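Residue strings, one per chain:
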Amino acid sequence: MIKVAEESILNANIPDGPIESKWKTHKANIKLVSPANKRKYTVIVVGTGLAGGAAAASLGELGYNVLNFCIQDTPRRAHSVAAQGGINAAKNYQNDGDSVWRLFYDTVKGGDFRAREANVYRLAELSTNIIDQCAAQGVPFAREYGGTLANRSFGGAQVSRTFYARGQTGQQLLLGCYSSLMRQVDAGRVKLFTRREMLDLVLVDGAARGIVCRNLVTGAVESYAADAVLLATGGYSTVFFLSTNAVNCNVTAAWRCHKKGALFANPCYTQIHPTCIPLAGESQSKLTLMSESLRNDGRVWVPKKKGDTRPASEIPEGERDYFLERIYPAFGNLVPRDIASRAAKRMCDTGYGVGGTGYSVYLDFGDAIQRLGRDVVRDRYGNLFDMYHEITGESPYEMPMRIYPAPHYTMGGLWVDYNLMSNIPGLHVLGEANFSDHGANRLGASALMQGLADGYFVIPYTLGHYLAGSDVLKNKVTTDHPAFKASVAAVNEQTKRLVGARGKRTVRDFHWQLGRIMWDHVGMARNEKGLEGAIRDIRALREEFWRDVNVGGSDGDFNKNLEFAGRVADFMEQGELMALDALHRKESCGGHFREEFQTPEGEARRDDQNFCYVGAWQWSGNASEPVLHKEDLEFDYVHLAQRSYK
Amino acid sequence: MKFNVKVWRQSGPNAKGGFKQYAVDGILPEMSLLEMLDVLNEQLTKQGEEPVAFDSDCREGICGTCGLVVDGMAHGSRLKCTTCELRMRHFVDGGTVTIEPFRAKSFPVIKDLVVDRGAFDRIMAAGGYVSVNAGSAPDANAVLVPKDIAEKAMDSAACIGCGACVAACPNASASLFVSAKITQFSLLPQGQAERERRALRMVGQMDQEGFGNCSNHAECEAACPKGISISNIATMRREYMRAARLHEERAEAGGGG
């Protein structure tokens, strides 16, 4: 049973005026903190990826006193590092008709009309500043012979607006961001706290005033007070256990904020990435993504005959079905991720899949090598080919790659307004951890853009606006406040429960089983019966988890099992919310595909009459009874239409 | 496949460590070395023994978190490969696999195979950046960078900061890590303004952290999972000497350093 709030508490605080000038007007009108006063404010930033690192560095540059936390041993390892393909910017350097408007339009449409127009427009606008900033930091972007920046077209775009640094764009952008962050550490404006996991948000008089975290080396539970808290802790794809995310990615920090009152929006919007290396066995710990830039030159196909077991090289041209080119002639192999993923799944479900399991399709570079030569192909994709070869033992120069979709990115996240503030005053949420810009599906090369836009160019303005308008300076709190004591007690209580359960099943075992439930029923395709079953299964598994988990070790030490146990405990609740959200959204849109709601061609069928809203869930004290708040979405500029990539 | 796994166990920074041996079975050739350790840890947890502590994150060779000495070599014997990318098909079925932490005075052991590489962050904070505040950058195409220079800078920038170079070096030198960053910025027009200051400060911090000096063994290059060339170290030396000379000249001219 889903409970809908009688009156939504959500106000997106979108500035008035035409969309082209909303951000400009807003910046001109918002409150400022004077340079001399900035150092009086302490700001906690949780996370050091593109969003968190950029925010911490930029706020340090402005003169704020920043405390920056991460679970890794150094900020440079945040999972943004793994993004391969590129970052979009509406520079129109290629003279091919790109513009802020077109990037805005593509992003709204790509998100299947479930994003907030005003946020998306601002994102497109800021995209150009990001490239300037990163180039100035010494990010070695790909260049033309004349020294100008090179571009490529990427995942569902008809213009070349993607900037890249070989297949390591995320790494290079993160290292640029990390270098700016370390400059502020050197200047004494940012204090780094590595190997710390945030386990609670501390509220004083309803506002975010600090965090409680566990020191992952010593096990000590530590408290930090501040005037505002910024959360940039990434997405929740590891709820599926197997995903392209790093093994330490988790929803815990966001979920603990949710349990303190922050609304969790659109949890069912998850993205399945089409070009991953297929699953090999049960002991596998993650799935490896191959950049979708591969689809620029690689051609996706399966044999025309069902269950054809011949090696790819023995299947003649006429007996191959280049299904993306056949079904979507205008976009071909470059259709958006959700479309490409579902098409591959359909081919495999209907018996055309290849490889040992029958759950993969070919991505073939034979034509590209013939057309461009081996050297050019190596130049473009060499490191990706090497990576594939190292993992599978097969060379993509000699035989087609095999790929299959895998959970990759989560569009849902904590609800934020136009200022990136959640419904809890002072708690701001940035990057993948928030829900705001990608709607129901994220286009390729847009995640890096959003993380950096939030960190470098949005929060430096909007945080000042919040601080200047609040009375936090007059009401400084310290960690002696009873609210901190209560949070520490709650964290200790949970740790004691986990370590003390002394059951029989390992944390990994539980996580694996939860992942299976999620992938089978809350994954690429969903239906009512499956979702209802998943909800029942998750509840039973959650109950079993607390009864029978075997964590081992102590809480006063470096203890990986304990870290994971806390994260899996949160996924046991958040997974149910994803399923409830997917069940209530009786339509298909972007990454949320309900089998009951599809066009005759098998594409997502939205229901704009009933579901053109952000579904933001409020914690009620019981994971099975969240309360739904709706933020209606209005499309004044890009008119609601059925997406078509044919 | 099955293996006899010989692992370094050490309960804390000041505890005495030693090797322990464990038998693992049912390992598939396509599993990575870290997945093999996952299997071992599941086994230990079920037996009520403490699992082997090790660091890892992305498990695709880009984050630089994992780093183990495998059979005496940092990241194992495969060239241009991180520990997480090392597949079990490269090991002899039924054989012994020896696993140790990265060893260096400047990388103190935290527990078992986990070490503290905080020294790298401190070196980066001493100048591994271009000072440009958000918002103050010129148009990205206003500063041209020739393609070959951008490519060379990218070769150096590919460093993942794992520390294998330190672990492989008989002197536990961090020269490859430090030189890669100095080289990247010395090549690019964006890095010129702070070129001398950066070289002096980063090298100074490296020495302060207690890393050894480079004596051209080139073990670092062989161990580097990203193929960073030892020629970066030659560049770093030139950059350092150039910076030191300019620094002196400026001091003589009374301009301060």
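As the structure is a prediction and not an experimental result, all values here were calculated from the model.

Participant: How should I be thinking about the overall build of chain A in this particular structure?
Facilitator: Looking only at helices and strands, one finds 17 helices and 22 strands in chain A. Over its C-alpha atoms chain A spans a radius of gyration of 24 Å, differing by no more than 12% from the 26 Å that the globule rule assigns to 646 residues. In terms of overall dimensions, chain A has a C-alpha envelope of 75 × 60 × 50 Å along the principal axes. Taking all 646 residues of chain A together, the buried fraction comes to 67%. Excluding contacts between residues fewer than 6 apart, the proportion of contacts in chain A whose partners are at least 24 apart in sequence is 74%. Surface accessibility of chain A: about 21,200 Å² in total, with carbon and sulfur atoms responsible for 48%. For chain A, the distance from the average position of its 75 positive side-chain charges to the average position of its 73 negative side-chain charges is 3 Å.

Participant: How should I be thinking about the overall build of chain B in this particular structure?
Facilitator: Along the backbone of chain B there are eight helices and seven strands. The dimensions of chain B, computed from C-alpha atoms along their principal axes, are 70 × 40 × 35 Å. Here chain B holds 257 residues, and 58% of them are scored as buried. Accessible area of chain B: about 10,200 Å², with a carbon and sulfur share of 51%.

Participant: What is the right way to read the side chain of A:Thr270 from this model?
Facilitator: Residues and elements named next belong to chain A. By secondary structure assignment, the location of Thr-270 is in strand β12 (residues 270-276). A relative accessible area of 1% places Thr-270 in the buried class. Reaching out from Thr-270, the side chain makes a polar contact with the side chain of Arg-526 at a distance of 3.0 Å. Ignoring any residue separated from it by four or fewer positions in sequence, one finds Thr-270 in contact with Tyr-236, Phe-240, Tyr-409, Thr-410, Met-411, Arg-526, Met-578 and Gly-591.

Participant: Any chance you could explain the pattern of salt bridges here in plain terms?
Facilitator: If the charged atoms of two oppositely charged side chains come close together, the side chains can form a pair. According to the stated counting rule, one finds 63 salt bridges over all chains in the structure shown. Between B:Arg195 and B:Glu239 there is a salt bridge, and its shortest N-O distance comes to 2.7 Å. In this pair, B:Arg195 sits in helix α6 (residues 195-208) while B:Glu239 sits in helix α8 (residues 231-252), placing the two residues 44 residues apart along the sequence. An identical accessibility class is assigned to B:Arg195 and B:Glu239; each is buried. Shared partners join several salt bridges into a network, and the residues in it are A:Asp112, A:Arg114, A:Arg585, A:Glu587, A:Arg606 and A:Asp608.

Participant: I would appreciate a short explanation of the domain arrangement of chain A in the present structure.
Facilitator: Residue and element names in this part refer to chain A. Under the domain assignment used here, chain A contains domain 1 (273-408) and domain 2 (482-632). With centres defined by C-alpha atoms, the gap from domain 1 to domain 2 works out at 31 Å. Taken together, the contact between domain 1 and domain 2 spans 14 residues of the former and 12 residues of the latter. Between domain 1 and domain 2, roughly 1,000 Å² of surface is buried when both sides are summed, and carbon and sulfur atoms account for 56% of that area.

Participant: Would you mind going over the sheet that holds β12(A) with me for this structure?
Facilitator: All names here are of chain A. Strand order in this open sheet of five strands is β12-β16-β15-β13-β14, and the pairing throughout is antiparallel. Only two strands of the sheet have a single neighbouring strand rather than two, namely β12 and β14 (320-321). With two bridges joining them, strand β13 (residues 299-303) and β14 adopt antiparallel strand pairing. In the sheet register, Val-302 faces β14, and the bridge partner there is Asp-321. Sitting on the sheet, helix α9 (residues 337-349) is in contact with β12, β13, β14, β15 (361-364) and β16 (401-410), with an inclination near 65° to β12.

Participant: Got a minute to help me understand the interface of chain B and chain A in this structure?
Facilitator: Accessible area lost during the coming together of the parts is what is often quoted as the interface size. Listed by partner, the interface residues are 74 residues for chain B and 72 residues for chain A. Summing the contributions of chain B and of chain A, the shared interface buries around 6,000 Å²; its carbon and sulfur component is 49%. Where chain B meets chain A, there are nine salt bridges. A salt bridge links A:Asp557 to B:Lys111; its shortest N-O distance comes to 2.9 Å.

Participant: Would you mind going over the sheet that holds strand β11 (residues 264-265) of chain A with me for this structure?
Facilitator: Backbone hydrogen bonds hold the strands of a sheet together, and the pairing may be parallel or antiparallel. All names here are of chain A. Sheet architecture is open: five strands sit in the order β1-β22-β21-β11-β17, paired in mixed fashion. The open sheet has two edge strands with one neighbour each: β1 (3-4) and β17 (413-414). Bridge count for β11 against β17 is two bridges, and the pairing is antiparallel. Paired with Phe-264 across the bridge in β17 is Leu-414. Contacts from helix α16 (residues 560-584) reach β11, β21 (613-618) and β22 (627-632) within the one sheet, and its direction differs from that of β21 by about 145°.

Participant: It is not clear to me how the domain arrangement of chain B should be interpreted in this structure. Could you clarify?
Facilitator: Residue and element names in this part refer to chain B. Assigned domains of chain B: these are domain 1 (3-111) and domain 2 (118-252). Of note, the centres of domain 1 and domain 2, computed from C-alpha atoms alone, are 30 Å apart. In this complex, domain 1 contributes 17 residues to the contact, which on the side of domain 2 involves 20 residues. At the boundary of domain 1 with domain 2, total buried surface from both sides reaches about 1,300 Å², with 64% on carbon and sulfur atoms. If you sort the residues of domain 1 by the area they bury against domain 2, Lys-80, Ser-106 and Phe-107 come out on top, with a joint share of 35%. Linking domain 1 with domain 2 are zero salt bridges, by the criterion used here. Summed over the shared surface of domain 1 and domain 2, the result is four residue pairs in polar contact (both at pLDDT 80 or more). Considering only residue class, the side of domain 1 that touches domain 2 consists of nine nonpolar, five polar and three charged.

Participant: Help me understand helix α13 (residues 482-500) of chain A, please; the structure alone is not making it clear to me.
Facilitator: For an α-helix the count is 3.6 residues per turn, leaving residues at separations of three or four pointing the same way. Helix length check: α13(A) (19 residues) gives 26 Å between terminal C-alpha atoms against 27 Å at 1.5 Å per residue, within 8%. Of the residues trailing α13(A), A:Arg502 is marked for its positive phi of about 45°.

The rules behind each value
- Residues numbered from 1 in each chain as written.
- Chains lettered and ligands numbered in written order.
- Predicted model: local features only at pLDDT ≥ 70, side-chain atom pairs only at ≥ 80, totals over all residues.
- Heavy atoms only, no water.
- Helix = DSSP H or I, 4+ residues; strand = E, 2+ residues; numbered from the N terminus.
- Rg over C-alpha atoms; globule rule 2.2 N^0.38 Å.
- Buried < 20%, exposed > 50% of the residue type's maximum accessible area, 1.4 Å probe, protein only.
- Contact = heavy atoms within 4.5 Å.
- Areas by Shrake-Rupley, 256 points an atom, 1.4 Å probe, with all protein chains shown as cover.
- Lys, Arg positive; Asp, Glu negative; His and termini not counted.
- Charge placed at Lys NZ, Arg CZ, Asp CG, Glu CD.
- Polar contact = N/O pair within 3.5 Å; in protein donor to acceptor, adjacent residues only side chain to side chain.
- Salt bridge = Lys/Arg side-chain N within 4 Å of Asp/Glu carboxyl O.
- Domains from an automatic or database assignment.
- Buried area = accessible area lost by both parts, 1.4 Å probe.
- Pairing = 2+ DSSP bridges.
- Axes fitted to C-alpha atoms, helices over the stretch in contact; angles between N-to-C directions.
- Nonpolar A, V, L, I, M, F, W, Y, C, P; charged D, E, K, R; others polar.
- Expected span 1.5 Å × (residues − 1).

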